[in-house]
Protein chains: 2
Amino acid sequence: MSDMRMPGEAHALVRHTHQERVLRALRERGALSRGEIARAVGLSRTTISEITRDLLEHGAVVVVDTDAASRAGSGRPAERLALDPNSGQFLGVDFGHRRVHVAIADPAHEVLASGRQIYDDSTGWPERIETAFELIDRLSAERGVHFRALQGIGIGVTGPHPRSSAPHAPEGAFGPGFAAARDDVDVSFAERFGAPVMVDNNTRLAALAEALAGDASAENVLYVRLSDGVGGALVIGGRLVPGATGLAGELGHVTVVPGGARCRCGKDGCLETVASVPAMLAACRQRGADVDSLDELANSGDPVVEQVLRDAARALGRAVGVVAMVFNPSEVVIGGDIARLAPVIVEQTGDTVGAELFPWVAAKPAFRCARLADDDGATGALAALFRSSPLLADYPEPAPIRALPA
Amino acid sequence: MSDMRMPGEAHALVRHTHQERVLRALRERGALSRGEIARAVGLSRTTISEITRDLLEHGAVVVVDTDAASRAGSGRPAERLALDPNSGQFLGVDFGHRRVHVAIADPAHEVLASGRQIYDDSTGWPERIETAFELIDRLSAERGVHFRALQGIGIGVTGPHPRSSAPHAPEGAFGPGFAAARDDVDVSFAERFGAPVMVDNNTRLAALAEALAGDASAENVLYVRLSDGVGGALVIGGRLVPGATGLAGELGHVTVVPGGARCRCGKDGCLETVASVPAMLAACRQRGADVDSLDELANSGDPVVEQVLRDAARALGRAVGVVAMVFNPSEVVIGGDIARLAPVIVEQTGDTVGAELFPWVAAKPAFRCARLADDDGATGALAALFRSSPLLADYPEPAPIRALPA
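The paragraphs below set out a description of the structure included in this document. (Residues numbered from 1 in each chain as written. Chains lettered and ligands numbered in written order. Predicted model: local features only at pLDDT ≥ 70, side-chain atom pairs only at ≥ 80, totals over all residues. Heavy atoms only, no water.)

**Overview of helix α13 (residues 376-386) of chain B**
Thinking step 1. The element α13 of chain B is extensively covered by neighbouring structure, given that ten of its eleven residues are classed as buried.
Thinking step 2. Buried residues of α13 of chain B: Asp 376, Gly 377, Ala 378, Gly 380, Ala 381, Leu 382, Ala 383, Ala 384, Leu 385 and Phe 386 of chain B, and no others. (Buried < 20%, exposed > 50% of the residue type's maximum accessible area, 1.4 Å probe, protein only. Helix = DSSP H or I, 4+ residues; strand = E, 2+ residues; numbered from the N terminus.)

**Looking at the pattern of salt bridges**
Thinking step 1. The full count for this structure, using the stated rule, is 37 salt bridges over all chains.
Thinking step 2. Between Arg 98 of chain A and Asp 228 of chain A there is a salt bridge, with its nearest N and O atoms 3.0 Å apart. Here the residue Arg 98 of chain A occupies a position in the loop between β4 (90-95) and β5 (99-105), and Asp 228 of chain A occupies one in the loop between β9 (221-226) and β10 (230-236), the gap between them amounting to 130 residues.
Thinking step 3. For Arg 98 of chain A, a relative accessible area of 33% corresponds to the partly exposed category.
Thinking step 4. Arg 264 of chain B is paired through a salt bridge with Glu 272 of chain B; the nearest N and O atoms lie 2.8 Å apart.
Thinking step 5. For Arg 264 of chain B, a relative accessible area of 26% corresponds to the partly exposed category. (Salt bridge = Lys/Arg side-chain N within 4 Å of Asp/Glu carboxyl O.)

**Digging into the sheet that holds strand β2 (residues 61-66) of chain B**
Residue and element names in this part refer to chain B.
Thinking step 1. The sheet built from three strands is open, its strands ordered β1-β3-β2 with antiparallel pairing. Bordering the open sheet on either side are β1 (32-33) and β2, each of which pairs with just one other strand.
Thinking step 2. Relative to strand β3 (residues 79-83), β2 runs antiparallel, the two sharing five bridges. Across the sheet, Val 61 pairs through a bridge with Leu 83, a residue of β3.
Thinking step 3. Helix α3 (residues 45-58) contacts β2 and β3 of the sheet and is inclined by roughly 110° relative to β2. (Pairing = 2+ DSSP bridges. Contact = heavy atoms within 4.5 Å. Axes fitted to C-alpha atoms, helices over the stretch in contact; angles between N-to-C directions.)

**Some thoughts on unusual backbone geometry**
Thinking step 1. Here the phi dihedral of Asn 328 of chain A falls at roughly 55°; this positive angle occurs in a residue that is not glycine.
Thinking step 2. Along the chain, Asn 328 of chain A falls in the loop between α10 (303-327) and β12 (331-335).

**Brief notes about the interface of chain A and chain B**
Thinking step 1. If you look at the interface, chain A gives 48 residues, while chain B gives 48 residues.
Thinking step 2. Of the roughly 3600 Å² buried between chain A and chain B on both sides combined, carbon and sulfur atoms contribute 70%.
Thinking step 3. Considering only the side of chain A, the residues that lose the most area to chain B are Val 326, Phe 358 and Trp 360 of chain A, jointly responsible for 19% of the buried surface there.
Thinking step 4. Summed over the shared surface of chain A and chain B, the result is two salt bridges.
Thinking step 5. Lys 267 of chain A serves as the salt-bridge partner of Glu 356 of chain B, at 3.7 Å between the closest nitrogen and oxygen.
Thinking step 6. The tally of links between chain A and chain B comes to 16 residue pairs in polar contact (both at pLDDT 80 or more).
Thinking step 7. Counting only elements with at least two residues in the side of chain A that touches chain B, the list comes to β10, α10 and α12 (343-356) of chain A.
Thinking step 8. It is α10 of chain A that provides the largest number of residues to the side of chain A that touches chain B, a total of six residues.
Thinking step 9. Of the residues belonging to the side of chain A that touches chain B, the class tally is 31 nonpolar, twelve polar and five charged. (Buried area = accessible area lost by both parts, 1.4 Å probe. Polar contact = N/O pair within 3.5 Å; in protein donor to acceptor, adjacent residues only side chain to side chain. Nonpolar A, V, L, I, M, F, W, Y, C, P; charged D, E, K, R; others polar.)

So far we have only geometry, and geometry alone does not tell us how the molecule works.
Written out as structure tokens, the structure is:
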């Protein structure tokens, strides 16, 4: 995963690793006494006592009962500890071009609360971050969730998100303050919550969530999301592909109209300039159709609108066709609400790709719209934090650097 | 890897697996006594005696000396066995559109002999196969190589080579008898040599050889080969990508000239119709330039020829640009003799791709021509048989089905 911004200390790292092991034992086995925990994780009783004291203080675990009822020998009954079901331990955040989604997961990886807040496309990063903080505060207050044992924060952002420290997107590209996002989002969240932060492209995180929600046997998948922008991601050989410098998946910035309209990335005629939802709405209005919203775009019945949708899908199909010819996926998944609302998009994309590929059955991927809705980025950010999927085998481990805040 | 055509018997399979383990021990450790072999592979002395008797009979191993000199205890000195350096154990064959390459490797994976034979593009498969057999006979006679302990045969073929049994290329597509190749090449070689055969796309095998010969740290590589056809292959996350149905890499059949010339695959305007060597030669002649060979194409100094090379490289660059935007490789390698002879191709391809990608350093792959020459397909077929590279982690193991011929 991309970035991890926390001051590091060897002592804190060891302590955090021990905490992780204890929490994992409680997640997998349910309530345990301190002695049972010590045997399960292979640490001394003294060390376990220190760790569980910290975890109790911060609210990650609670005392549920004692083993008095089941105890065979004599002596004082031992307390049994369990994970605190109100403890928000993982925070997933997805910053889109026009909205932020948040999902909060408990120690057992279950989502405790989720929600979203809309903002304007021109909103700067400080305001976007503040909007996310307010949303998180509201959600946690409503559900009685506390963050005293937060283990990690995963954040999806729009636009390419290079992993290296080489010069990247210029200030202003990909919407207001893209470069600032890379530099500041992680620091802002780390300072606010005192937990490790990782940032990645939000379409890649959405593809991770979609792959985990779908058919686990789909090992070679091209995922595309049509939303306020156009993003893409690849699962190849059962692994989510980050690319050499973390930039894999930028299907939205493939040139499909040479000399076409200027894209927010600075190039001309990118797929995003014809197949994003705003681009499709604008094309409808230019051609005299009266549509203003996603629902109208999908359901107008106006032949001009259908033509715009087909043209966008043909452009998508040409780009996907090249990728499919070279990657040979078994499945192409089209995400974003418009793909579900307007079946003509999946149908036309499949037809255009089919005309590009060899005409044999073995060459053709299946086409379908995504199972998950637009909050899949936040869910994917959580999945990336859980680290439990082999899809993440090629992703660098996001090293936990800081222990629970003192 | 793709196909494996041998009648199977459980007993023969077990015997072959044991033989493999003994051969591997001798390859890794040099000469060993039967007792040392038994300890090294964890089989009984009785089983090892049987296996080594078979291996000696078939000429895979020879008796080199006894342990009399180094022996501490009393008793009869034990024979020490070693691999027979004249034993051809792996056979790599690469059928191109106009020539076949052969490479023969010994038990230590060293190439004992290699060579090539030219044929006409219109030659049918029975004649191609016969040409290969004659070449193998000549090479083995010249070098005193025998095939009594042949372990496997790897064969590269041009054109897409689907792994599934679903309907594939129609008869006649991709040159004379492509479909026949899929059905008959493996059987012909298995019957002739009595060893397991695997068949795969020859550009993918060439990419494997190139990756193994080059910088092992290059984990995300797009490989393209410009030759009588245009092929491609991908290494992603350190793994050679077969694709969902074994069809990954067909960059040569991406449409780059909509409505363009008919390609041998049946589609129109494929990259192969403008960037293969025969296509470039034809374009030069159409424009009045007088070139007939690869050398003339590369060294004519004629501005018409340079323009043809640049146009071909621009078409290549547009297709590579899409793939690079989505897969974010660190390196693009262009193979085929023309790429080495005419530096303008690598240069122009890099320029065209550079204009497509984001203009930041982190987005740009390095461009270079291949290190290996056109016999890399046969070398790659051997590498695929050796199975020693992590690049092959996503390839199904080519199960050895038959023991040494009795």
